Amino acid sequence: MQNEAIDINFEEAKNVNEYAQFHVTNEGLLLSDVQQLTRWLSYTDFESMPLHDALWMRFDIENASTSNRALVLVAGSVFVDNVDAFLLDSQSRIVQSGRLQNAQANGTNISRKGFKMDFVSRAESRYTIYVRIKDDGNAIIPIELWHAEAHSKESGVRLILLGAMSGGLALLATYFLLTYILRNAAARFWFCVLATASMTTIMSAEGILPSVFLLPSMTAELTSFGLLVSLFASIKITKFLLEPMPTIWLRAHYLLLLVPFISIFVLNDFYQLIILLVLAIIFFFSNLLASLLYRYSVDLRSVIIYFTGWMALGIVGLLESLTFASSASHLSFTQPYVYAFTCLGVMLIGVSIISREQSVQAKTSFQQGQQIAQLQQYNDLFQHAAEGLYTALPNGQLIHVNPAICSLFGYTDNDSFLSTNPNLSVFFANPKDVDLLLGELSIQQTVLGKEVKGKRTDGGEFWFSISCQIKRVNEKTLHFGSLFDITERRLHQINLQYLNTHDQLTGLFNRRHFLQIMNERIQSHNLDSEKFALLFLDVDQFKVINDTCGHSAGDIFIKELSHELFDVIDETNPFSRLSADQFALLVNYKNSNELRKLASNILSKVRKFQFKWDRHVFTQSMSIGIAPFDQHIPSGEELLSYADTACLIAKEGGRDQIHIYSAEIGMHSSYKRELYWVNEVNKALKDENLALFYQHYRPLNSNDSKEYYEILVRLRTEDNDFVAPEFFMPSAEKAHISHKIDKQVVETYFKWLNTHNEYLKNLGKANINLSGPSLSDDDFKFFLLNAFEKYAIPHEKICFEITETMAIIKMNDAIDFMHEFKKLGCTFALDDFGSGFSSYNYLKNLPVDFVKIDGNFIRDILHDPIDLAMVTSIRDVADAMKIKTVAEFVESPEIMVQIGKLGVDFAQGFCIAKPEPLTNYLPFAESQKH
């Protein structure tokens with residue numbers, strides 16, 4: 001079959017594949033044998049070539065002109081292994097041949113771009129060209145026929161473009177390499193690698209580098225390796241530009257690179273290029289997607305430039321794919337664009353790196369500016385802080401101190417402080433304190449609120465609180481601390497501690513602390529210890545002064561008398577005021593004569609003491625009971641009761657007497673008195689002679705119109721007089737019948753309230769006092785639960801009052817009782833609160849709703865600043881714990897106004913209302929009209 005000849009009068013170049021015929025033979029067949037073959041296939045019919053076979057193609061060219069024409073036959077791929085070309089004239093004679101075998105150059109027939117054969121087409125002649133191709137890849141390669149001048153021109157242009165692109169990439173690589181060395185910026189190094197690898201890839205694909213390094217057979221491998229390095233560098237650059245990148249994204253791309261790397265060693269050139277092309281496409285879309293997904297942590301400008309750079313490289317990939325798919329020549333019209341877009345894409349990626357660095361630098365500068373501003377703020381805070389701040393080394397050597405510390409210790413400025421006192425020990429009055437602090441700090445790393453005594457430059461001492469910690473800063477271990485003056489608070493604490501153990505009027509020990517001293521003395525006593533005794537002192541007829549001149553005069557008398565007694569009492573002996581007119585003295589002795597002599601001196605001193613008030617002059621006497629301690633007395637309370645009994649006998653003996661307790665008188669006067677009151681209580685319980693009184697109390701800072709009152713119990717005597725509970729209740733408690741009184745009070749009041757239902761609706765709170773034994777009596781709890789149910793009394797209307805002393809003594813029972821009835825809605829009040837300042841410690845554990853401030857603090861609140869401070873302190877503590885406060889003994893409008901200003905919630909006292917029998921009950925508004 002005769003082929004259609006190619007007319008050589010084409011403009012520049014002609015792709016001869018569509019004019020050629022193809023035949024697959026074994027690789028050893030000669031040209032003469034091939035000429036005899038039939039059944040040649042056209043370009044469209046040819047499919048593939050088996051391995052180890054050769055592909056032959058033939059086509060005709062015709063020069064119908066009258067002039068010779070110089071032509072160039074080009075095989076447009078550098079990756080082909082073996083190419084042979086034969087030019088035959090019309091008589092089938094070989095006019096010219098060319099060979100590319102095992103990638104070895106063959107004279108001038110082999111260009112740096114694959115196979116090339118120059119020949120001359122004679123005028124008015126026809127030629128047949130046979131081409132044999134042996135390759136392990138794609139058998140169909142682009143075979144083109146060029147006019148020699150056009151080919152030379154296009155090749156020159158191509159080399160110029162390739163040189164320009166290579167020079168541009170080389171300049172970029174050099175610039176970024178130098179700046180990497182100067183700035184140590186990893187992204188610049190990887191861009192240098194990217195630019196160099198991209199240049200290497202293209203120059204290898206052009207066949208230049210394999211020729212330069214005399215490795216033409218390694219063209220595909222060099223090209224693949226260059227592209228692999230380019231893709232690896234792109235991963236590093238992407239990581240920098242879109243930081244933070246997910247680790248899984250990076251690892252996945254690293255794993256993808258292993259595929260083409262392995263293919264270099266196990267696959268032929270064709271499949272190497274296919275795998276690389278697919279991988280490049282994956283990387284292209286992956287980087288575009290990453291630019292969109294992770295752009296939020298990157299400035300938009302850098303993302304856009306980076307995205308555009310990859311778009312340019314994507315165009316390169318698209319053009320190369322089209323060229324490969326269409327079997328176009330390397331001199332096709334798309335090639336200049338490949339160079340241009342490669343250079344543009346790489347350059348834009350470099351610009352994006354610079355943009356990103358500028359963005360990071362701007363962000364860093366901004367953050368540094370903020371840090372500088374913060375440091376300035378911290379410096380301002382350090383310099384102007386009200387607290388003293390300092391920095392030191394772990395050994396206590398001071399580095400910085402602020403002006404507050406200088407002022408606190410009496411220095412004018414930091415320099416003079418540090419030059420004079422370079423160590424932390426200057427803070428402490430006791431040098432041992434600094435060693436303790438540093439030792440504690442080295443173990444715990446943090447010390448908070450340590451209170452120690454400091455010393456100023458003038459020698460004055462003061463208290464301060466210091467907090468400090470050890471921290472690592474810039475790889476240095478430093479000691480940071482703060483301190484502030486707590487002298488006033490410390491003095492206040494000392495004052496509170498003093499008030500907790502002392503009577504505020506006389507300065508003597510109070511009853512509670514005195515009992516504690518006695519109990520400690522008893523517990524530590526043994527047969528070798530020195531003997532000691534308790535003197536119980538009771539002022540005779542002290543009531544006369546109170547009734548004649550008032551309580552203020554009585555207080556002054558007691559105060560002056562206690563000071564007079566120190567003339568005859570050794571100050572080392574514990575001396576206490578037990579109650580209004582009773583004192584106790586604990587002394588060591590060798591025989592009873594010493595005790596009598598001391599007691600006689602006390603009586604003599606009291607007889608000589610004259611108390612003057614207005615026009616009145618009082619000369620009082622005192623009765624003294626003495627109770628020597630022996631091993632059979634278990635506690636201070638019992639020793640005190642013995643001395644009290646002895647004192648009662650002294651009073652009954654005519655007052656101004658001394659009596660020493662003995663076991664024979666143990667059942668004498670006190671026993672009779674207690675037995676009397678027990679009999680009276682039992683009789684009252686049986687005859688129902690316990691009378692109920694009520695006393696209104698009112699809210700001070702609200703418009704609450706509900707009724708608030710306390711239920712009071714009185715014992716009705718045969719003379720129809722009413723006895724207050726302080727006379728009979730102690731005896732009833734000792735006889736274990738006080739809970740019976742509580743039961744009758746609750747029963748009587750609940751019954752009255754049930755029958756006077758008209759008062760129930762407007763009732764705010766009815767306060768009922770409970771004795772200590774009732775709190776631990778399970779039978780009383782059952783009675784109380786049944787009483788609420790029996791008389792249908794709402795639990796929230798009832799508030800139970802428990803004295804502070806009894807709540808402390810029976811702490812666990814009181815807490816259990818409160819919790820049980822608070823669940824039902826009852827409320828609780830702590831009565832006589834503040835009589836001892838250890839009250840605060842117990843108040844935290846007691847679930848009370850009200851505290852009733854001891855009347856001793858209220859009575860003189862207008863004139864005594866200490867009482868005012870006490871009430872304020874109690875109100876502050878109660879307010880912090882969400883507890884309401886009630887002031888007792890409010891006896892004048894002025895006192896009521898004062899406690900209202902302090903924020904006390906309720907007032908109770910004669911100024912509000914006096915106690916009245918419950919049988920004559922009137923609401924508060926009506927009672928004010930009478």
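Conventions adopted
- Residues numbered from 1 in each chain as written.
- Predicted model: local features only at pLDDT ≥ 70, side-chain atom pairs only at ≥ 80, totals over all residues.
- Heavy atoms only, no water.
- Pairing = 2+ DSSP bridges.
- Helix = DSSP H or I, 4+ residues; strand = E, 2+ residues; numbered from the N terminus.
- Axes fitted to C-alpha atoms, helices over the stretch in contact; angles between N-to-C directions.
- UniProt positions renumbered as here; feature names shortened; annotations may be inferred.
- Expected span 1.5 Å × (residues − 1).
- Buried < 20%, exposed > 50% of the residue type's maximum accessible area, 1.4 Å probe, protein only.
- Contact = heavy atoms within 4.5 Å.
- Salt bridge = Lys/Arg side-chain N within 4 Å of Asp/Glu carboxyl O.
- Parallel < 35°, antiparallel > 145°, perpendicular 65-115°, else oblique.
- Nonpolar A, V, L, I, M, F, W, Y, C, P; charged D, E, K, R; others polar.
- Patch = residues over 30% accessible without salt bridge, like charges linked within 9 Å, V, L, I, M, F, W, Y side chains within 5 Å.
- Areas by Shrake-Rupley, 256 points an atom, 1.4 Å probe, with all protein chains shown as cover.
- Phe/Tyr/Trp six-rings, centres within 6.5 Å; stacked < 30°, edge-to-face > 60°.
- Lys NZ or Arg CZ within 6 Å of the ring centre and 35° of its normal.
- Arc of directions from axis to C-beta.
- pLDDT = per-residue confidence, 0-100.
- Core = buried A, V, L, I, M, F, W, Y, C linked by side-chain atoms within 4.5 Å.

With that settled, the discussion passes to the sheet that holds strand β17 (residues 476-485). Ordered in space as β14-β13-β17-β16-β15, the five strands form an open sheet in which the pairing is antiparallel. Unpaired on one side and paired on the other, β14 (398-401) and β15 (446-455) mark the two borders of the sheet. The mean angle between the axes of side-by-side strands here comes to 25°, regardless of whether they run parallel or antiparallel. Where β15 meets strand β16 (residues 461-473), eight bridges bridge the pair, whose relative direction is antiparallel. Counted as the bridge partner of Glu451 is Ser465 from β16.

A word on the UniProt feature "transmembrane region" (unreviewed entry) in the protein. The feature "transmembrane region" (unreviewed entry), as annotated in UniProt, sits at residues 159-182, 188-215, 222-242, 248-267, 274-297, 303-325 and 337-355 in this numbering. Between the first and last C-alpha atoms of residues 159-182 the distance is 34 Å; the span itself is 100% helix and 0% strand. The span residues 222-242 is 95% helix and 0% strand, and its two end C-alpha atoms sit 30 Å from each other.

Under the 1.5 Å per step criterion, the end-to-end length of helix α3 (residues 186-205) is 28 Å for 20 residues, consistent within 8% with the ideal 28 Å. For α3, the tally of buried residues reaches 14 of 20 residues, placing the bulk of the element in the interior.

In spatial order, the strands read β19-β20-β18-β23-β24; together these five strands make up an open sheet with mixed pairing. With partners counted over all chains shown, the strands left at the sheet margins are β19 (575-577) and β24 (658-660), one partner each. Strand-to-strand twist of the sheet, defined as the mean angle between neighbouring strand axes without regard to direction, takes the value 20°. The sheet contact formed by strand β18 (residues 532-539) and strand β23 (residues 622-628) spans seven bridges and is antiparallel. Bridge pairing in β23 links Val539 to Met622. Across the sheet, helix α18 (residues 636-652) touches β18, β23 and β24, and the angle it forms with β23 is around 140°.

This next bit is on the pattern of salt bridges. With the rule as written, the count across this model stands at 27 salt bridges. Ionic pairing is found between Asp567 and Lys605, a salt bridge with its closest N-O pair at 3.1 Å. Of this pair, Asp567 sits in the loop between α16 (551-565) and β19 while Lys605 sits in helix α17 (residues 592-608), and the two are 38 residues apart along the sequence. Exposure remark for Lys605: the relative accessible area of 21% places this residue in the partly exposed category.

A few words now on the packing of helix α14 (residues 511-524) against α18. Following both chains from N to C, one finds α14 and α18 inclined at 110°, their axes separated by 8 Å at the closest point. The pairing of α14 with α18 is recorded here as roughly perpendicular in orientation. Counted together, Arg511, Leu515, Met518, Asn519 and Ile522 of α14 and Gly636, Glu637, Leu639 and Leu640 of α18 form the full contact between these two elements. Split into classes, the residues belonging to the contact of α14 with α18 amount to five nonpolar, two polar and two charged.

Turning our eyes to something else, we now look at the pairing of strand β22 (residues 616-619). Pairing analysis gives four bridges linking strand β21 (residues 610-613) to β22, with the strands arranged antiparallel. By the bridge assignment, Gln610 is partnered in β22 with Thr619. Counting the residues between successive antiparallel strands, the hairpin from β21 to β22 contains two residues, one of them, Asp614, with a positive phi of roughly 55°.

This part is about a nonpolar patch on the surface. On the surface, a nonpolar cluster with roughly 820 Å² of combined accessible area is contributed by Phe225, Leu255, Leu258, Phe261, Ile262, Phe265, Val266 and Leu267. With six residues, the top contributor of residues to the nonpolar patch is helix α6 (residues 247-266).

Bringing the environment of Leu478 into the picture now. Note on placement: Leu478 falls in strand β17. When its relative accessible area of 13% is taken as the criterion, Leu478 is described as buried. Put simply, Leu478 and Asn395 are 83 residues apart on the chain and 9.4 Å apart in space, counted from C-alpha to C-alpha.

A few words on the packing of aromatic side chains. All told, the structure shown has 48 aromatic pairs when counted by the stated rule. Note on Tyr642 and Tyr661: the rings are 4.4 Å apart at their centroids and 5° apart in plane angle, and the pair reads as stacked. Remark: Tyr661 occurs in the loop between β24 and α19 (669-687) and Tyr642 occurs in helix α18; sequence separation between them is 19 residues. Ring geometry for Phe788 against Phe800: centres 6.4 Å apart, planes inclined by 90°, an arrangement best described as edge-to-face. Of this pair, Phe788 sits in helix α23 (residues 778-791) while Phe800 sits in strand β29 (residues 798-803), and the two are twelve residues apart along the sequence. One exposure class covers both Phe788 and Phe800, and it is buried. The ring centre of Trp463 lies 4.0 Å from the NZ or CZ of Arg490, which sits over that ring. In this structure, Arg714 packs its charged tip against the face of Phe693, placed 5.6 Å from the ring centre.

It is worth spelling out the environment of Ile6 at this point. Looking at the element boundaries, Ile6 is found in strand β1 (residues 6-7). For the pair Ile6 and Ile61, spaced 55 residues apart in the sequence, the C-alpha separation amounts to 4.4 Å. Residues within four places of Ile6 in sequence aside, it is in contact with Lys14, Val16, Tyr19, Phe59, Asp60, Ile61 and Glu62.

Listing the buried residues of helix α29 (residues 893-902) in full gives Ile895, Ile899, Gly900 and Leu902. On an axial view of α29, the arc spanned by its buried residues comes to 155°, and they lie on one face. Contacts from the buried residues of α29 go to α27 (855-859), α28 (865-880), β32 (884-887) and β33 (906-908). Among the residues trailing α29, Gly903 stands out with phi positive, at a value near 95°.

Confidence in the prediction of the protein, expressed as mean pLDDT, is 83, and 90% of residues score 70 or more. In this model, residues 102-112 is a region of pLDDT below 50 whose contacts with residues beyond four sequence positions or in other chains number 25 contacts. A low-confidence stretch, residues 329-334 stays under pLDDT 50, and its non-local contacts, those more than four residues away or across chains, total 16 contacts.

This part covers the nonpolar core. As a rule of thumb, soluble globular proteins bury nonpolar side chains together. Within the largest apolar cluster, 77 residues are counted, with the highest numbers of intra-cluster contacts made by Tyr709, Tyr749 and Phe750. Ranked by residue count, the leading element in this core is helix α21 (residues 738-755), at seven residues. Within the second largest apolar cluster, 43 residues are counted, among which are Met199, Ile235, Leu242 and Val298.

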